[in-house]
Protein chains: 2
Amino acid sequence: MSFHPDTSVLQRGPQETPPTVVGRPTRIVIIGAGFGGLAVARELGNTVLEVTVIDRRNHNLFQPLLYQVATAALSPADIAEPIRRTLGRYKNIRVMLAEVTGVDQTARHVLLEDGAPVAYDHLIIATGSEYNYFGHDEWRAVAPGLKTIHEARLIRQRLLLSFERAELSQDATEKKALLTSVIIGGGPTGVELAGAIAELGRYMITRDFRKLAPEDFRVILIEAGPKILAAFPDELTDYAWHELAKLGVDIRTGVRVENITRGSVQTSGGTIPAGNILWGAGVKASPAHKWLGLEAKMGGRIPVGPDLQVEGTKGIYALGDTALRIDDEGKPLPALAQVAKQQGEYLGKALREQLLDGRPSEPFHFHNRGNTAVIGRHAAIFDFGNRRLKGRLAWLLWAIVHVFLLVNFEKRLLVTVQWLWRYVTRQRGARLIDENAATGLPATTHRSET
Amino acid sequence: MSFHPDTSVLQRGPQETPPTVVGRPTRIVIIGAGFGGLAVARELGNTVLEVTVIDRRNHNLFQPLLYQVATAALSPADIAEPIRRTLGRYKNIRVMLAEVTGVDQTARHVLLEDGAPVAYDHLIIATGSEYNYFGHDEWRAVAPGLKTIHEARLIRQRLLLSFERAELSQDATEKKALLTSVIIGGGPTGVELAGAIAELGRYMITRDFRKLAPEDFRVILIEAGPKILAAFPDELTDYAWHELAKLGVDIRTGVRVENITRGSVQTSGGTIPAGNILWGAGVKASPAHKWLGLEAKMGGRIPVGPDLQVEGTKGIYALGDTALRIDDEGKPLPALAQVAKQQGEYLGKALREQLLDGRPSEPFHFHNRGNTAVIGRHAAIFDFGNRRLKGRLAWLLWAIVHVFLLVNFEKRLLVTVQWLWRYVTRQRGARLIDENAATGLPATTHRSET
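Quantities reported herein were computed from a predicted structural model and do not represent experimental measurements.

Caption draft 1: Seen up close, the packing of aromatic side chains. All names here are of chain A. Within the structure shown, the criterion is met by 14 aromatic pairs over all chains. Consider the rings of Y133 and W279, whose centres lie 4.7 Å apart with planes at 20 degrees: the pair is stacked. Of this pair, Y133 sits in the loop between β10 (129-131) and α4 (149-168) while W279 sits in strand β17 (residues 276-279), and the two are 146 residues apart along the sequence. Each member of the pair, Y133 together with W279, is buried. One aromatic cluster is present, built from ring pairs that chain together Y133, W139 and W279. Between K147 and the ring centre of Y131, over which it is positioned, the NZ or CZ distance is 5.7 Å.

What follows is the structure, given as structure tokens:
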């Protein structure tokens, strides 16, 4: 069985029904191995379908705990699994580490930056989202977002190095700046980072540094809108605000960021010198819409129908953060892991029913499993729509849910138990500064490696 | 108590006895927080001495298992611990992350690249060793050695990426090169890397790659001398050779390396195209001898007396890979972790006896705890001098010894048990390719990050 197809049978327009090809397996190509893409792949595993999963990274990431890598509680490998391992048991699935550059809808080919085109009969786009710097992409280098392992390592690195430099500094102004972290964006990621950094900083300073005082350490959370955690009801937001304040986080709402440079943030409320600047102020979909010749609107999300098929195409689907799906109440589904996962499972089953059993599928419906954010040790919030939960009990539920999700994610119980143990005992296992780091600190010199 | 001293009392020549200063604590400065430096610091912990530990990294590393990070069995954080955590319990010890640029023996100051000079009464130099490229430092970028976490990550990255690229390659010659790993140097590190890469490669190809065959995969171990593991007796070397060959490693002794470029090694026996080139062909001491105005000889090691004091100085000591100590049989002590550790413990105790109890110390004697190398799962060698051990039993002993050493190193039993479990079950937990890697592969393009 050759992987490279006889394309002559496939010379049809993009709007036609995908061919039912007799004599060779139907080819499913999935771009993106996040929660959504992997869920599709798992549903199609060990069938007669020929499935290819393309990702630019070799690992899939449990993003909900990425902030814990950034704050040295977890190692990258604890929340990342090689895609080949995840899918290794399915003999009909091929994994490709490659960068997609476009889609040829006429030839039904996915085009790669470096490699032969990949033919598909059905194409699933699940490429997620990235941080939106709202036209200021130059801020990315000085204020990284938190989407990848690389960024998490970079943030961890800058945070730890700024403490080290503060310990050595003889200059009070410089010391104050180095011990200031500014987090831009008051959504769940910003809140989780602010809480975790506040906890880590106080703990480290008290225990490990001789020349720093906990009161020198500042975490500032900046939000342009009137409230943090805007997706949550006021009752939970108020609680989160209160808990963050208890951790010493200085929350500034209604403040716009005007410029960011290495080592300082200029806002509508004044300039803040800071050793650490983090970005979490909004996401946009990956540029996958360009591959389909669609114009960017609604943050670049691709409009899909009730069966997740991209509007105006046949055999091309989008899901998760990449897709724009309007629910029955006329609101777009949020960019959440649970949406991507449910859509992936739905689409995998639907394709199986359609292609293997020859029967049509019901439309997709989202079941809200609860929206959550964790503020710190023993403080979290849950919004189930009709019910709300906050405080210690919510934190316990958050921890249990994440242990189960993580075990399910990577099938490694021991690591997970260990994580919970480290997290609860406040041991920080992964406080590593890579010796070759490009740190982006407001540094005077760069340490050389011999 | 101010950390910055009144240096007026210290204006003496370098050859004089260190002053016994009345009215302030004696200041001990330790450069380097490896096995040796940390052992000194621990012995001096919670005394009235004022101890400063300076390192250019924020973590200390359990180097004997670094090859397992390079081959994706362990995460960096599993074998690295923040120095501040290791020493946090000792209130008289200060840790500085800084790059040392020199020693002013007249003023008794350690000079830093970026920070105020640090005054000492006694100075301990324990800065370890680095790979020796024998005048070809340009090879470092294409053939990294294995001394730091950064290098281990880089090697892991290149190894995994070369498999990914081979899976996509349409060109048989390129594929063959990508699946070839060349390891230069047949010492313990070279042998351990060769064995681990051979095992990892076969396992990954069989389980996770659809377009690669185990027989396409080659590991070549090049040694300029007549035998591998030259420090071991022939009986053990022969066994190691046999076991490596069983793993499919192609061992080439008596072969000199003439040039290394990105993607190929030119040797006295011909040119080998290779996706992965690793260097383990000899070490030299860190450049610390320059700080003391000594000329480099014997690989830059600093000659020390029976009390580890640097010859021609008072109050300056060197130990571990940095020091040259001739034993009673007229041979230099080897550059091994156990030598550094024993010397550190000795020196710490000796300083305590001298400075706190006012009594002189016995000279240092090395106790050989056994020299070991591991070839692969279930195969290792031990040389105790008078006794030798090889095979499964040696491997079991190696594993037990390393579990104990690691538990002692980082005080984390759970991680260690988990490591042993993963190692025995062949799960590879840390197969991560960082998305921003400068990989140095013979690549045609560079994957971009959005």
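Caption draft 2: View of the pairing of strand β17 (residues 276-279) of chain B. Residue and element names in this part refer to chain B. Residues N276 and L278 line one face of β17 and the alternating positions I277 and W279 line the opposite face, and both faces are buried. Relative to β17, strand β11 (residues 180-184) runs parallel, the two being bridged by four bridges. Its bridge partner lying in β17, I183 is registered against L278.

Caption draft 3: Structural view of the environment of G348(B). Residues and elements named next belong to chain B. Tracing the backbone through its elements, the reader meets G348 in helix α9 (residues 337-357). Taking the C-alpha atoms as reference points, G348 and G37, separated by 311 residues in sequence, lie 9.2 Å from one another. Here G348 is in contact with V40, E43 and L44, once residues within four sequence places are set aside.

Caption draft 4: The arrangement of the sheet that holds strand β14 (residues 257-261) of chain A in detail. Residues and elements named next belong to chain A. Ordered by their spatial adjacency, three strands build an open sheet running β14-β15-β16, and the pairing between neighbours is antiparallel. Looking at which strands have only one partner, the edges of the open sheet turn out to be β14 and β16 (270-273). For this sheet, the mean inter-axis angle between neighbouring strands, taken without regard to orientation, is 15 degrees. The pairing of β14 with strand β15 (residues 264-267) spans four bridges and is antiparallel. Residue pairing across strands places V257 opposite T267, the latter belonging to β15.

Caption draft 5: Representation of a nonpolar patch on the surface in the model. Residue and element names in this part refer to chain A. Taken together, L393, L396, I400 and F404 make up a surface patch of nonpolar side chains, about 430 Å² in accessible area. Turning to its location among the elements, L393 is positioned in helix α10 (residues 392-410). The exposed category is assigned to L393, whose relative accessible area is 56%.

Caption draft 6: Inspection of the pairing of strand β13 (residues 249-253) of chain B at higher detail. Residue and element names in this part refer to chain B. Two elements, strand β12 (residues 218-223) and β13, share five bridges in a ladder whose sense is parallel. Bridged to I222 within β13 is R252. Remark: the β12/helix α7 (residues 234-246)/β13 crossover connection has right-handed handedness.

Caption draft 7: Molecular detail of the sheet that holds strand β22 (residues 371-376) of chain B. All names here are of chain B. Spatial ordering of the open sheet is given by β22-β23-β24, a layout of three strands whose pairing is antiparallel. Because the sheet does not close on itself, it has two edges, and the strands there are β22 and β24 (388-391). Within this sheet the neighbouring strands show an average axis-to-axis angle of 5 degrees, counted without direction. Taken together, the four bridges between strand β23 (residues 379-383) and β24 define a ladder with antiparallel strand orientation. Bridge assignment links I381 to a residue of β24, and that residue is K390.

Caption draft 8: Inspection of the pattern of salt bridges at higher detail. Across all of its chains, the model carries 38 salt bridges over all chains by this definition. The salt bridge partner of E81(A) is R85(A), with a shortest N-O separation of 3.6 Å. Residue classification places E81(A) among the buried residues on the basis of a relative accessible area of 5%. Across the salt bridge formed by R56(B) and E99(B), the nearest N and O atoms sit 2.8 Å from each other. In this pair, R56(B) sits in the loop between β2 (50-55) and β3 (59-61) while E99(B) sits in the loop between β5 (93-97) and β6 (100-104), placing the two residues 43 residues apart along the sequence. Accessibility expressed as a relative area gives 25% for R56(B), which makes it partly exposed.

Caption draft 9: Region of the structure containing helix α7 (residues 234-246) of chain A. Residue and element names in this part refer to chain A. Over its 13 residues, α7 extends 18 Å from the first C-alpha to the last, a length consistent with the 18 Å expected when each residue adds 1.5 Å. Taken as a whole, α7 has its buried residues at L236, T237, Y239, A240, E243 and L244. The arc enclosing the buried residues of α7, seen along the axis, measures out at 160 degrees, which places them on a common side. More than 90 degrees from the buried face of α7, the exposed residues found are D238 and K246. Along its buried surface, α7 packs onto α6 (188-208), β12 (218-223), β13 (249-253), β22 (371-376), β23 (379-383) and β24 (388-391).

Caption draft 10: Representation of the packing of helix α1 (residues 35-44) of chain B against α9(B) in the model. Residue and element names in this part refer to chain B. One way to put it is that α1 packs onto α9 with a least axis distance of 7 Å and a crossing angle of 30 degrees. By the angle between their axes, α1 is roughly parallel relative to α9. Judged by the twist between their axes, the crossing of α1 over α9 is right-handed. Contacts between α1 and α9 involve F35, G36, A39, V40, E43 and L44 on the former and, on the latter, A337, A340, K341, G344, E345, L347, G348, K349, L351 and R352.

Caption draft 11: How the structure looks around the environment of K227(A). Residue and element names in this part refer to chain A. Note on placement: K227 falls in the loop between β12 and α7. Looking at K227, the relative accessible area reads 24%, which means it is partly exposed. Considering only alpha carbons, one finds K227 and T237, ten residues apart in sequence, at a separation of 7.8 Å. Other than its neighbours up to four places away in sequence, K227 contacts F232, P233, D234, T237 and T253. Among the polar contacts listed, one links the side chain of K227 to the side chain of T237, at a separation of 3.4 Å.

Caption draft 12: Structural view of the packing of α4(A) against α6(A). All names here are of chain A. Two elements in contact, α4 and α6, have axes whose closest approach is 12 Å; the angle formed by their N-to-C orientations is 35 degrees. The crossing of α4 and α6 is right-handed. Where α4 approaches α6, its residues L159, L160 and F163 are matched on the opposing element by I197, L200, G201, M204 and I205. Tallied by class, the residues present in the contact of α4 with α6 amount to seven nonpolar, one polar and no charged.

Reading guide: rules and limits
Residues numbered from 1 in each chain as written. Chains lettered and ligands numbered in written order. Predicted model: local features only at pLDDT ≥ 70, side-chain atom pairs only at ≥ 80, totals over all residues. Heavy atoms only, no water. Phe/Tyr/Trp six-rings, centres within 6.5 Å; stacked < 30°, edge-to-face > 60°. Helix = DSSP H or I, 4+ residues; strand = E, 2+ residues; numbered from the N terminus. Buried < 20%, exposed > 50% of the residue type's maximum accessible area, 1.4 Å probe, protein only. Lys NZ or Arg CZ within 6 Å of the ring centre and 35° of its normal. Pairing = 2+ DSSP bridges. Contact = heavy atoms within 4.5 Å. Axes fitted to C-alpha atoms, helices over the stretch in contact; angles between N-to-C directions. Patch = residues over 30% accessible without salt bridge, like charges linked within 9 Å, V, L, I, M, F, W, Y side chains within 5 Å. Areas by Shrake-Rupley, 256 points an atom, 1.4 Å probe, with all protein chains shown as cover. Salt bridge = Lys/Arg side-chain N within 4 Å of Asp/Glu carboxyl O. Right-handed = clockwise from strand over helix to strand, strands pointing away. Expected span 1.5 Å × (residues − 1). Arc of directions from axis to C-beta. Parallel < 35°, antiparallel > 145°, perpendicular 65-115°, else oblique. Left-handed = near helix turned anticlockwise from the far one by under 90°. Polar contact = N/O pair within 3.5 Å; in protein donor to acceptor, adjacent residues only side chain to side chain. Nonpolar A, V, L, I, M, F, W, Y, C, P; charged D, E, K, R; others polar.

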